[in-house]
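Results of the structural survey
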Amino acid sequence: MGSPGGLGGGDVASALARGKKKKDDPARELAEIASRLSPEDQASLLKFARFLERESPARAPEPVPEPEPIPRPEQESVVKAMRRLSATYHMLDRSKLLNETSALMAQHVMQGRSAVEVIDELEVVFQTHYEKVLAEDPMRQGEDTQANGGSADGDESR
């Protein structure tokens, strides 16, 4: 089978190859087909895909998933805590956590701050970021409006 890696970085096969890697994934199958096409046919496929994208209705946003709690072991290193919290809060964008988490890691490694203290703060950082994502979730904002008596014009929770 052909590989989308042999094509240029900006073509449809490369874009589709970045999709999920499941066995029956349509994006992967489409990428594999595109990798076997001539450059002219790839351009046609890309034009058609862009046409479909423009003409298709917008997808409804998916709700933010719940965290998958992993129990905190009694003895845990800061690095293992980061792995555990990243798995628990898999829905979070890690780049948005980078400044705070790396600062805490540096305090532990460079300044000798205790692992327990740093892990406690890491848990707060992850929880806070998750709550921020929930607050920005359009699916939950509709629920908040209904919970507050159906008033859409005033946000009384802020």
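The following paragraphs examine the structure supplied in this document. Please read these numbers as outputs of a predicted model, since none were measured by experiment. (Residues numbered from 1 in each chain as written. Predicted model: local features only at pLDDT ≥ 70, side-chain atom pairs only at ≥ 80, totals over all residues. Heavy atoms only, no water.)

Regarding helix H5 (residues 94–111)
The periodicity of an α-helix, 3.6 residues per turn, causes residues three or four places apart in sequence to face the same way. Short version of the rule: Secondary structure elements follow DSSP: runs of H or I of four or more residues count as helices, runs of E of two or more count as strands, with numbering from the N terminus. The span you would expect from a helix comes to 1.5 Å times its residue count less one. Fitting axes to the seven residues that end at a residue and to the seven that start at it, the angle between those axes gives the bend at that residue. Exposure classes here rest on a 1.4 Å probe applied to the protein chains alone. A residue is buried below 20% of its type maximum, exposed above 50%, and partly exposed in between. In what follows, residue pairs with any heavy atoms lying within 4.5 Å of each other are defined as contacts.
Look at H5: 24 Å from first C-alpha to last across 18 residues, which is about the 26 Å you get at 1.5 Å a residue. Most pronounced at Glu100, the bend in H5 amounts to some 35°. Those residues of H5 lying buried are Leu97, Thr101 and Leu104. Where H5 is buried, its residues meet helix H4 (78–88) and helix H6 (115–136). Directly beyond the C-terminal end of H5, a positive phi value near 75° is found at Gly112.

Thoughts on the packing of aromatic side chains
We count it as follows: Two rings from Phe, Tyr or Trp (for Trp, the six-membered ring) form a pair when their centres are within 6.5 Å of each other. A pair whose planes differ by under 30 degrees is stacked, one over 60 is edge-to-face, and the rest are tilted.
Taken as a whole and assessed by the stated rule, the structure comprises 3 aromatic pairs. Here Tyr89 and Tyr130 contribute two aromatic rings whose centre-to-centre distance is 5.7 Å and whose plane-to-plane angle is 55°, an arrangement assigned as tilted. Of this pair, Tyr89 sits in the loop between H4 and H5 while Tyr130 sits in helix H6, and the two are 41 residues apart along the sequence. The class for Tyr130 is buried, based on a relative accessible area of 4%. Every member of this aromatic cluster is reached through a ring pair, and the members are Tyr89, Phe126 and Tyr130.

What about the packing of H4 against H6?
A packed helix pair is summarised by two numbers, namely the angle formed by the two axes and the spacing between the axes. Put simply, the test is: Here, axes are lines fitted to C-alpha atoms. For helices the fit covers the stretch in contact, and angles between N-to-C directions go from 0 to 180 degrees. Orientation categories follow fixed angle ranges, with anything under 35 degrees roughly parallel, anything over 145 roughly antiparallel, 65 to 115 roughly perpendicular, and all other angles oblique. Each crossing gets its handedness from the near helix: less than a right angle anticlockwise from the far helix is left-handed, clockwise is right-handed. Under the scheme applied, nonpolar residues are Ala, Val, Leu, Ile, Met, Phe, Trp, Tyr, Cys and Pro; charged residues are Asp, Glu, Lys and Arg; polar residues are all the others, including Gly.
Put simply, H4 and H6 touch, their axes get as near as 10 Å, and they point 20° apart. Relative to H6, the element H4 is oriented roughly parallel. Seen along the crossing, H4 lies across H6 with a hand that is right-handed. Between H4, through Val78, Ala81, Met82, Arg84, Leu85 and Ser86, and H6, the contact on the second element is made entirely by Ala115, Val118, Ile119, Leu122, Glu123 and Phe126. Taken together, the residues of the contact of H4 with H6 break down into 9 nonpolar, 1 polar and 2 charged.

Structural notes on the nonpolar core
Rules: The criterion is simple. A nonpolar core is a set of buried Ala, Val, Leu, Ile, Met, Phe, Trp, Tyr and Cys residues joined through side-chain atoms within 4.5 Å.
One finds Tyr89, Met91, Leu92, Leu122, Phe126 and Tyr130 to be the most contacted residues of the largest nonpolar core, which totals 16 residues. Looking at this core, the elements with two or more residues in it are H4, H5 and H6. For this core, the element with the highest residue contribution is H6, accounting for 6 residues. Those residues in contact with Leu92, other than ones at most four positions away along the chain, are Leu97, Phe126, His129, Tyr130 and Val133.

Comments concerning the environment of Ala106
Topologically, Ala106 is positioned in helix H5. It is 9.8 Å that separates the C-alpha atoms of Ala106 and Val118, two residues lying 12 residues apart in sequence.

Concerning the packing of H4 against H5
Their axes nearest at 11 Å, the elements H4 and H5 cross at an angle of 160°. Judged on the interaxial angle alone, H5 and H4 are roughly antiparallel. In the packing of H4 onto H5, the handedness of the crossing is right-handed. The segment H4 lies against H5, with Val78, Val79, Met82 and Ser86 engaging Arg94, Thr101, Met105 and His108. Of the residues that constitute the contact of H4 with H5, the class distribution is 4 nonpolar, 3 polar and 1 charged.

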